[in-house]
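Survey of secondary and tertiary structure
Chain by chain, the residues:
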Amino acid sequence: MNINRKPIFAANWKMNKGASETEDFVKSFLSKTQGQSFSCEIVIAPPFVSLPKLADLLHTAATGKNAHAIQIAAQNCSQFDSGAYTGEISVLMLREFFVHYVILGHSERRAIYGETDAIINAKMKKAREANLKPIFCIGETLAERESGKLESVLRTQITEGLKDLTDKDMAETVIAYEPVWAIGTGVTATSQQAQDAHAFVRSVIAELYGADTAGRIRIQYGGSVKPGNAAELMACPDIDGALIGGAALEPQSFFEIIVNGSAE
Ligand code: PEP
């Protein structure tokens, strides 16, 4: 953690929690955060169909002045504006539900849905056109790490995925370094492995966009983050928060990760 960058903790619910479970989670989570102030940003990315419920609950909580501001993220968006793209959701549709962030390039989108760096790049640009803030995910497989390709894989994902994005776009972008072998496996990168990868990612951003942008951009770690390992990971100088899957499905563990990870 670096005091000049506000840490960002984002819950990626994946295909979990419809509207009623979203309501249960948010009520419980807000009861824990009530009256507390955090020096970090909190984001929840529910499935698309739960966005209206989440927006509604957070709006009501905010007007009741009993909630820490929580931002809403989508888990994906279309690279197209509108039209014959069955099953897709456009950036403007997301804006209607007060979505501010969008997760792009998640390893599950890359591996299961065949999203290439070029597709992810098109989505990044479309997100920025609508002033959405991308949470741009990158990370290597175990085979890539073990064959010494960690840096070349990350470099390609960064240069292709961020192609043609401006300095201004980068100011609104968060990077999530998520080693594929640590996602949903219970295996976490050691803090040294995570720090080394984050420092490398920041150095590539410095090459592409300069030291100022690299010093400002937030790089989250993702991959089996839990209440018990959050503090050690977040103590690393180049780690600026976490993208959390499994452990963010329970209000208590998401809350504990935030508390443990954002303690100064
Ligand atoms: C993720 O899917 O982005 C993730 C980090 O999942 P988990 O925390 O379950 O490893």
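Structural notes, computed from the coordinates.

Turning to the pattern of salt bridges, a few remarks are in order. Two side chains bearing opposite charge may form a pair once their charged atoms approach each other closely. Following the criterion strictly, the structure yields 19 salt bridges and no others. Here Arg109 and Glu115 are joined by a salt bridge, their closest N and O atoms 3.0 Å apart. Assessed through its relative accessible area of 21%, Arg109 is described here as partly exposed. Glu115 sits in the buried class, given a relative accessible area of 7%. For Glu129, the salt bridge is made with Lys126, and the minimal N-O distance between the two is 3.0 Å.

Close to the ligand lie 14 residues, the nearest being Lys14, His106, Glu178, Gly184 and Ser224. Within the side chain of Glu178, one N or O atom sits 2.7 Å away from an oxygen atom of the ligand. The contact in question runs from an oxygen atom of the ligand to an N or O atom on the backbone of Gly245, over 2.8 Å. When isolated, the ligand has an accessible area of 290 Å², and the protein chains bury 96% of it. Taken together, the residues of the shell around the ligand sort by class into four nonpolar, eight polar and two charged.

Here we take up the packing of aromatic side chains. On inspection of all chains with the given rule, the structure shows seven aromatic pairs. With centroids separated by 6.2 Å and ring planes inclined at 85°, the aromatic side chains of Phe38 and Phe255 adopt a geometry described as edge-to-face. With Phe38 in the loop between helix 1 (19–33) and strand 2 (41–45) and Phe255 in helix 12 (residues 251–262), this residue pair connects regions lying 217 residues apart in the sequence. Residue classification places Phe255 among the buried residues on the basis of a relative accessible area of 12%. Geometrically, the ring pair formed by Phe80 and Tyr85 is stacked, given 4.1 Å between the ring centres and 5° between the ring planes. For Phe80, a relative accessible area of 35% gives the class partly exposed. Residue Tyr85 is classed as partly exposed on the basis of its relative accessible area, which comes to 36%. Site record: aromatic cluster; members linked through ring pairs are Trp13, Phe25, Phe29 and Phe254. The ring of Trp13 is capped by Lys17, whose NZ or CZ atom sits 5.5 Å from the centre of that ring. Against the face of Tyr113 rests Arg109, its NZ or CZ located 4.2 Å from the ring centre.

Further remarks concern the packing of helix 11 (residues 227–234) against helix 12. Between helix 11 and helix 12, the shortest axis-to-axis distance is 8 Å and the interhelical angle comes to 25°. The angle between the axes of helix 11 and helix 12 places the two elements in the roughly parallel class. Along this stretch, helix 11 crosses helix 12, giving a crossing that reads as right-handed. The residues of helix 12 that touch helix 11, namely those facing Pro227, Ala230, Ala231 and Met234, are Ser253, Glu256, Ile257, Asn260 and Gly261. Split into classes, the residues belonging to the contact of helix 11 with helix 12 amount to five nonpolar, three polar and one charged.

Cut-off values and rules
- For every chain, the first residue of its written sequence is number 1, and the numbers climb from 1 along that sequence.
- Reporting in this predicted model follows two pLDDT cut-offs: at least 70 for local features of residues, and 80 or more for side-chain atom pairs to be given and counted; totals over whole chains, interfaces and linings ignore these cut-offs and use all residues.
- Neither water nor hydrogens contribute to the side-chain values; these are computed over all heavy atoms in the structure.
- A side-chain nitrogen of Lys or Arg and a carboxyl oxygen of Asp or Glu constitute a salt bridge if their distance falls within 4 Å.
- Burial here depends on accessible area, computed with a 1.4 Å probe over protein chains only, as a share of the maximum for the residue type. Under 20% is buried, over 50% is exposed, and the range in between is partly exposed.
- By convention in this text, a residue qualifies as near a molecule or strand provided that one of its non-hydrogen atoms is within 4 Å of it.
- Under the rule applied, a polar contact is a pair of N or O atoms within 3.5 Å (in protein, one hydrogen donor and one hydrogen acceptor; residues adjacent in sequence only if both atoms are side-chain atoms).
- All accessible-area figures derive from a Shrake-Rupley calculation using a 1.4 Å probe, and residue coverage is judged against the displayed protein chains alone.
- In this count, Pro and Cys sit with the nonpolar residues alongside Ala, Val, Leu, Ile, Met, Phe, Trp and Tyr, while Asp, Glu, Lys and Arg are called charged and the others, Gly among them, polar.
- Under the pairing criterion, centres of Phe, Tyr and Trp rings, with the six-membered ring standing for Trp, must be within 6.5 Å; the plane angle then separates stacked pairs below 30 degrees from edge-to-face pairs above 60, leaving the rest tilted.
- Strands are runs of DSSP state E lasting at least two residues, helices are runs of H or I lasting at least four, and both sets are numbered from the N terminus onward.
- Charge-over-ring contacts are defined here by two conditions on Lys NZ or Arg CZ: a distance within 6 Å of the ring centre and an angle within 35 degrees of the ring normal.
- Interaxial angles span 0 to 180 degrees and are taken between N-to-C directions of axes, which are lines fitted to C-alpha atoms, for helices over the stretch in contact.
- Orientation categories follow fixed angle ranges, with anything under 35 degrees roughly parallel, anything over 145 roughly antiparallel, 65 to 115 roughly perpendicular, and all other angles oblique.
- In this scheme, a crossing is called left-handed if the near helix is turned counterclockwise away from the far one by less than a right angle; it is called right-handed if the turn is clockwise.
- Note on contacts: a residue pair is in contact if any heavy atoms of the two residues lie within 4.5 Å.

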